[in-house]
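Fold and contact review
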Amino acid sequence: MSEGQQRAKPRPVLTSLAGYQRSWLGPDVLAALTLLVIAVPEQLATSRLAGMPPITGLFAFVAGTALFALLGSNPQLSVGADSTIAPLFAVALSHLAPTGSSNYVALAGILAVVVGVVVAAVGLLRLGWIAEFLSVPIISGFMAGVAVIIVVHQLPDVLGLTSVSGTTAHRVQAVLAHVGRANGWCVAISAGVLVAVVLAERVDRRLPGALVGLVGSTLAVGLGHLQRHGVVVLGAVAHGWPRLGVHGLSAHSVVQVLPVAGVVALVVISQSAATSRAFAEEGEGRPDIGRDFVGVGMGSVASGLVGSFPVDASPARTAAVESAGGRTQLSGLLAAAAVLVLVPAAGVLHDVPVATLGAVLIFVASRIVHWRQLAAIMRFDLVEFALAVVTLLTVALVGVEQGIAVAVGLAILDRTRLSARPSAHVLGRLPGTTSWGPVSAGGPQAEVPGTVVLLFAAPLYYANAEHFRAQVATAVHRAGVAPGALVLDVIGMHDIDFTGTQVLSQILDDMDKAHITVVMSRAGGHLRQNLEHAGLLARIGAGHFYPSVDEAVRAVSSDPSGT
């Protein structure tokens, strides 16, 4: 049995380990080390961004990694605390309980369980298409808005200023008002960490720039006694084992977190699907996205049960595993096991400056803004670019839930606008053939005298029916001398609603008055059924339906050759 066949063999758990080869162990161990040195500082920083105790970020990584390895399908996907969703629920939960309080931590655990159940249910019920309501421009704008939130939230830490709360605009105003009081040591630490991370990224993204920055800045604070100079450190890090279970669970608490749970679940679904597909192994076919949703969702449930917060698939960490040559989820399991070994020694993180974690998060924020994609959207269509900008501004300045709602609403309106104004094309025959194409294309297509051929490649419904009638009238008028026949190519009109049938009946009235015969080509079975129900099939005449445009034209044209 080949290696590919072994890995494709159905298996209820640990699917990526099926048919494990000894040659994979080295790459998996290297990928585990790479993942470990990237994950530790990132998870600590993300837990701070989430308003949670630092140790909970490590628990989130262990829980998310273990459950995804057990239940997921993608062999390289990395799951854990993620800076994309952390600010989303942190802002929402801060309105329900003081950040960092026991009630806040309990609500975060409940949220993790609810989000996990929703994501897993989406996977089990194969409802991943829900994420497709977020178009690429919306996702790009959303990610950029989240990046703005992350950066603004970290500015006080990297500048050594007192943290402030409130809206993004209020936070920026507060930072600008006190920027003159910035702590030079904090600024230097942040700049040094950013330089280390950026240089490591440019040389080789497997290099642990964040870990080097964390260790170096921690040593600098301890040896230089920089706390005396106003450098704020992480402080006591609870390093005991977590209390298992969901605390503070009640119907009221679940109702409280439901709105933000829906938003977070939608983002998790979108990001997990995109990441899994982006890093699907060549030759292995499309990943089992439904199974991956179950893995990520149950990872979030497990995270909540150990007192942490929702988890998500990480594009950055997954890219690091792939770059290091990781073959299976063993790399993630080894990294998670190493984190568990390090938990009892978490007290050594006491002197980690918060400026370091702020710098790491600002770098992460810079990576989730897809500048080239935004530029490509702008070049392609200004309306879709406007959707991205509106999403960005709404998420950053108003709120994440509102940003998602506004963006999806605008996208649906824009798509409705386009479907309500589809273009109808006058067709002409290509000389010497039976093929037809739009005469507006500038090719050699020639119209047949006395016959108008019109292609309307869209369903006919209430929003575009009158538009269709106007385009028919325009095409007939454009012919100059009154034509004797109108051929409607309806290959794209696979559906027609009641309003559409009423307007089509009016078009037939107009054509009768002008003594113009109406025939149809390439009508599908569903369209014919609807026309029959409306009494229009008999009115047009069963003999006036043709399998091709050319046959229809030859049947009704006074010059069937087209010469």
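Further up the page is the structure itself.
The rules behind each value
- Residues numbered from 1 in each chain as written.
- Predicted model: local features only at pLDDT ≥ 70, side-chain atom pairs only at ≥ 80, totals over all residues.
- Heavy atoms only, no water.
- Pairing = 2+ DSSP bridges.
- Helix = DSSP H or I, 4+ residues; strand = E, 2+ residues; numbered from the N terminus.
- Contact = heavy atoms within 4.5 Å.
- Axes fitted to C-alpha atoms, helices over the stretch in contact; angles between N-to-C directions.
- 1 Å grid on protein atoms, 1.4 Å probe; cavity = no way out; pocket = protein on both sides within 12 Å on 5 of 7 lines; lining within 4 Å.
- Points joined across faces, edges and corners; volume = space filled by probe spheres on them.
- Nonpolar A, V, L, I, M, F, W, Y, C, P; charged D, E, K, R; others polar.
- Buried < 20%, exposed > 50% of the residue type's maximum accessible area, 1.4 Å probe, protein only.
- Core = buried A, V, L, I, M, F, W, Y, C linked by side-chain atoms within 4.5 Å.

A few words on the sheet that holds strand E7 (residues 517-521). Read from one edge to the other, the open sheet built from 6 strands follows the order E4-E3-E5-E6-E7-E8, with strand pairing classed as mixed. Since the sheet does not close on itself, it has two edges, and those belong to strand E4 (436-438) and strand E8 (545-546), each with one partner. Relative to E8, E7 runs parallel, the two sharing 2 bridges. Within the sheet, the bridge partner assigned to Ser521 lies in E8 and is Tyr546. Packing against the sheet, helix H18 (residues 465-478) makes contact with strand E3 (424-429), strand E5 (451-456) and strand E6 (485-489), and its axis sits at approximately 150° to E5. Packed onto the sheet, helix H22 (residues 549-556) meets E3, E4, E5, E6, E7 and E8 and runs at close to 170° relative to E6.

As a further point, take the layout of surface pockets. Space inside the second largest pocket adds up to approximately 900 Å³. Along the wall of the second largest pocket there are 41 residues; nearest its centre are Ala90, Val91, Thr99, His153 and Arg171. Residue assignment for the lining of the second largest pocket shows that the elements contributing at least two residues are helix H2 (25-49), helix H4 (86-94), helix H6 (136-159), helix H7 (168-178), helix H16 (382-397) and helix H17 (400-420). Residue composition of the lining of the second largest pocket, grouped by class: 23 nonpolar, 14 polar and 4 charged.

Turning our attention to unusual backbone geometry. The phi dihedral of Leu14 falls on the positive side, at around 50°, and the residue is not glycine. You can see Leu14 is positioned in the loop between helix H1 (3-8) and H2. The exposure class of Leu14 is partly exposed, given its relative accessible area of 22%. Even without being glycine, His515 reaches a positive phi, approximately 55°. Along the chain, His515 turns up in the loop between helix H19 (498-513) and E7.

As a further point, take empty space enclosed by the protein. Regions of empty space are outlined by a rolling probe, equal in size to a water molecule, passed over the atoms. Under the definition given, this model contains 1 cavity of 30 Å³ or more. For the largest cavity, the full set of lining residues is Leu35, Thr65, Pro75, Gln76, Leu77, Ser78, Val79, Val321, Gln329, Ser331 and Gly332. Split into classes, the residues belonging to the lining of the largest cavity amount to 5 nonpolar, 6 polar and no charged.

This part covers the nonpolar core. Of all hydrophobic cores here, the largest spans 105 residues; its most connected members are Leu88, Phe89, Leu93, Leu111, Phe142, Val264 and Phe309. Ranked by residues supplied to this core, first place goes to helix H10 (residues 251-278) with 11 residues. If near-sequence neighbours (up to four positions away) are discounted, Phe142 is found in contact with Thr84, Leu88, Val267, Thr391, Val395, Val400 and Ile404. Residues Phe468, Leu486, Met493 and Met520 belong to the second largest nonpolar core, which totals 32 residues.

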